[in-house]
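If you want the building blocks of each chain, they are given just below.
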Amino acid sequence: MASNSTPSPPHLSTQELKNAAAGVVSEQTSLPRPLRSSQSFRLDEGYSGEETPIVYDEASGQDLRAAREGVDFKIPPWMAGLNDALREEYAYKLIRTLPTSRIASLVDRLVPILYLDFVQMLPPELSLQILSYLPVRSLLNASLASRTWRRFALEPRLWKDLYEMQGWRSNDAEILRLESQLRDRQEDDMRQQMEAKRKAEDQKDEEKNLRDIARRNSERFRNSAERSGTSTSTEVDMNNITQSTEGLDMSFYSNANPELRPGQEIFLNFPGAHKPSIPQTTYQEPPLPVELGLTVPGYGSPRINWAFLFKYRKRLEDNWIHNRYSTFQIPHPDFPAEGHAECIYTIQYSPNYLVSGSRDRTVRIWDMKTRRLRGEPLKGHNGSVLCLQFDESPDEDILITGSSDDSVIIWRFSTGEIIRTIEKAHQESVLNLKFSKKWLVTCSKDKLIKVWTRQQLETTDQDYPWHSKLLFGNDPVTNSGFALRNPYASGGFVSTRAPPRGAVKTLPSYTPVQVLIGHAAAVNAIQLHGDQIASASGDRLIKLWNLKTGTCEKTYVGHTKGIACIQFDGHTIVSGSSDQTIRVFDSRTQAEIATLSGHRALVRTVQATENRIVSGSYDETVRIWRKDIDGQWTDSHILRQGGPETHHPRTTHHGMHPMMPGNLQQGAIPQAPIPQAAIQMHQVHTVGPALAGAVVAAQLLPNHHNYHHLHHQVQPPPPPPQAPAQQQQMPPVHPLPTTNGTHRVFKLQFDARWIICCSQDSKIIGWDYAADDQGIVEASRFFKGGN
């Protein structure tokens, strides 16, 4: 009966293998060899994992590794002449004749040719440079390849670049403070370890001295016993020694040194002597963490883990997109008596403190962690506190407030004491103020903007206001300083006239150096950026001023009614107006980039970053506007200032608000739904000075001198009627309760984590987009800005 088994492949002897390598083929090579004998049989265990598998001769059992490594095998010319496809097929069929262990050995030899691990082969700098081109998801996948790849893929430098590529900003001062604390802590630990090691070495030396004493005493007693020739004296001496050790801690006997001679260890138990535990100083590489932590081991000390910051900043941004937040209020609900007695006009907050100014004429400082009042309310103004700014840093420690009593007060932030009061800083209410390390800028209902120096200035100071018309008249080149030399002017100048009485030389701090005149109505808001001032007025104009020269450089036209608020970052101007719109301007070209419509009343406050705008209005709502990847602004979410909050479906944000629980007042008459928010993107165009003047002249109201202050109620016009086709496309909505005028938003501020605003209510409302995520809370102190 024929057998169906596959015949065994031919095997070559050592000599035949060498001949084949040399290109010599014998006649016997083509003849089939008999089956392997039981003596040469080896169990095929598959891949053994050995670096160099053993190759045996079937006849002699000789290891052929030496033959494989020492003989230069040559490919027959006829085989080398075949094309690639035939050589591949020939090699495949030849490999299939090998046992599994030989195939595994061949695979091991081919792997280094097919797969090159550049992370292990290249210098670390080059490996990191290659990995820096990977996107986030690919870098995370690479971290799963191996321990080495994970260590490189989680390198903080890579994730710092990815963090900054998202446009996110970090609080570098807080990061440096944390790394400095970690470095100091590690240095303290090292000092403690060195001290423990030194004490251990001292204890070791003391024990060595005790051993030497014990050895000498033992020899002395032995020699004494030998000289006496009897054992009695030795026993007596040993008894005396035993009696002399009574009362000592004998627990050391159990840990006697085995290298000592019998009887010697009894002398090692000297009072206070013990075996020290010497700390291990051998460096051990820390294990790779499964979960990302705030810090990672660094070069000498721990450093911030940017992968951790990236992870939770991304999670925080997702909360903004999906409107996930938790709400809070100030004062804490358990301590309502700490709150203001009347409405709050202005706020500013930092990660640690919030300061509020109210119609009750007080300023209050709140602890952001406990949301409790810090100290007593600050009293000094005789009118409503309309504006403020503070800097809690130790080198500044200052709070400046402006009031409807026309005054400005400078407070020491840490103690609340009044440093200086500027009476009659303006002729009417001080509506807004901003300060830097050098300057204080105020604006007022009297249509003026004033610049004050914050530090005493000498004529040798580079910031000395040589071009101030307020100090030196209309011809500063001739009259500057009255015979004072300007060291920073080209060639300088020296007046030949004698200085008149009262000539200005040294300028004390908080001296007015510029008065900016140009607006035709109350200047409601200002922004200070470097040496530029952006101002917004009830005359519907935005102006950009040069702080040092006091000249108006540009005028921006677009709003159809008075402007209440402004934001300026050096490149973009964002403004809100009583025409119920928010407009975005390019500060360099004066082009109006976009118009954001959606509020139903005066847009009283606005704050903007590169990709997000948050606005508050007298319609008692806060709107979040977001720039998409195409650069278009979208109306993202709507928040209500009064009453409990609910999360709104995204589809309703572009229409109107759903009815809010707790906001519907008894007897309230429902109104028509809020029209869909409209965002108009404009083509870039420039407005020249002549055209700007003509447009302004056409837009100014005849009775602009009777312009009502923006703190008063503004009646919004009825919503524009919609076409029937548009009405059919609108989704079904719920009516909005009538605004009762008790939650008009006056001021808001936001950053990467919070939106906080104040209103006609005596409470301050906040939305926390960390949403009680402890990872975000831990990482948020290192975030800066609101993206």
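As the structure is a computational prediction, the values presented were derived from the model and not from experiment.

### Here's the deal with the UniProt feature "repeat: WD" (unreviewed entry) in the protein
UniProt marks residues 337–376, 378–421, 423–462, 516–555, 556–595 and 596–625 with the feature "repeat: WD" (unreviewed entry), using the numbering shown here. Counting secondary structure, residues 516–555 comes out at 0% helix and 62% strand; the distance between its end C-alpha atoms is 14 Å. Note that residues 596–625 is 0% helix and 63% strand, and that its end C-alpha atoms are spaced 9 Å apart.

### Points about unusual backbone geometry
Negative phi is the rule for most residues except glycine; trans is the rule for most peptide bonds. Backbone torsion omega between isoleucine 330 and proline 331 reads 5°, so that peptide bond is classified as cis. With respect to the helices and strands, the residue proline 331 is situated in the loop between strand S4 (326–330) and strand S5 (344–349). In the Ramachandran plot, alanine 771 falls in the positive-phi region, its phi being about 55° despite a non-glycine side chain. Of note, alanine 771 is situated in the loop between strand S33 (764–768) and helix H18 (774–779).

### Digging into the confidence of the model for the protein
Residues of the protein with pLDDT of at least 70 account for 66%, and the chain-wide mean is 76. Here residues 1–12 scores under 50 on pLDDT; set against residues more than four positions off or in separate chains, the count is ten contacts. The low-confidence segment residues 684–738 (pLDDT under 50) makes 72 contacts with residues lying over four places distant or belonging to another chain.

### Describing a nonpolar patch on the surface
A surface patch of nonpolar side chains, about 630 Å² in accessible area, is lined by Val107, Leu110, Val111, Ile113, Leu114 and Tyr115. Relative to the elements of secondary structure, isoleucine 113 occurs in helix H5 (residues 100–114). Of the residues examined, isoleucine 113 reaches a relative accessible area of 65% and is grouped as exposed.

### Section: the sheet that holds strand S15 (residues 439–444)
Overall, antiparallel pairing links the four strands, which are arranged S14-S15-S16-S17 in an open sheet. At either end of the open sheet lies a strand with only one pairing partner, and these are strand S14 (430–435) and strand S17 (511–517). Neighbouring strand axes in the sheet, compared pairwise and without regard to direction, differ in orientation by 20° on average. Two strands pair when backbone bridges link them, and S15 and strand S16 (residues 448–453) are joined in this way by five bridges, in the antiparallel orientation. From the neighbouring strand, tryptophan 439 faces S16, where its bridge partner is threonine 453.

### A word on the pairing of strand S24 (residues 581–586)
The buried count for S24 comes to six of six residues, which makes it a mostly enclosed element. Every second residue of S24 is oriented toward a common face, with Thr581, Arg583 and Phe585 on one face and Ile582, Val584 and Asp586 on the other, all of them buried. In this structure, strand S23 (residues 572–577) lies alongside S24, joined through five bridges in antiparallel fashion. Of the residues in S24, the one forming a bridge with glycine 576 is isoleucine 582. Where S23 folds back on S24, the antiparallel hairpin that results is connected by three residues, among which glutamine 580 adopts a positive phi of roughly 70°. As defined by bridge partners, S24 adjoins strand S25 (residues 592–597) across five bridges and the pair is classed as antiparallel.

What counts and what doesn't
Residues numbered from 1 in each chain as written. Predicted model: local features only at pLDDT ≥ 70, side-chain atom pairs only at ≥ 80, totals over all residues. Heavy atoms only, no water. UniProt positions renumbered as here; feature names shortened; annotations may be inferred. Helix = DSSP H or I, 4+ residues; strand = E, 2+ residues; numbered from the N terminus. pLDDT = per-residue confidence, 0-100. Contact = heavy atoms within 4.5 Å. Patch = residues over 30% accessible without salt bridge, like charges linked within 9 Å, V, L, I, M, F, W, Y side chains within 5 Å. Areas by Shrake-Rupley, 256 points an atom, 1.4 Å probe, with all protein chains shown as cover. Salt bridge = Lys/Arg side-chain N within 4 Å of Asp/Glu carboxyl O. Buried < 20%, exposed > 50% of the residue type's maximum accessible area, 1.4 Å probe, protein only. Pairing = 2+ DSSP bridges. Axes fitted to C-alpha atoms, helices over the stretch in contact; angles between N-to-C directions.

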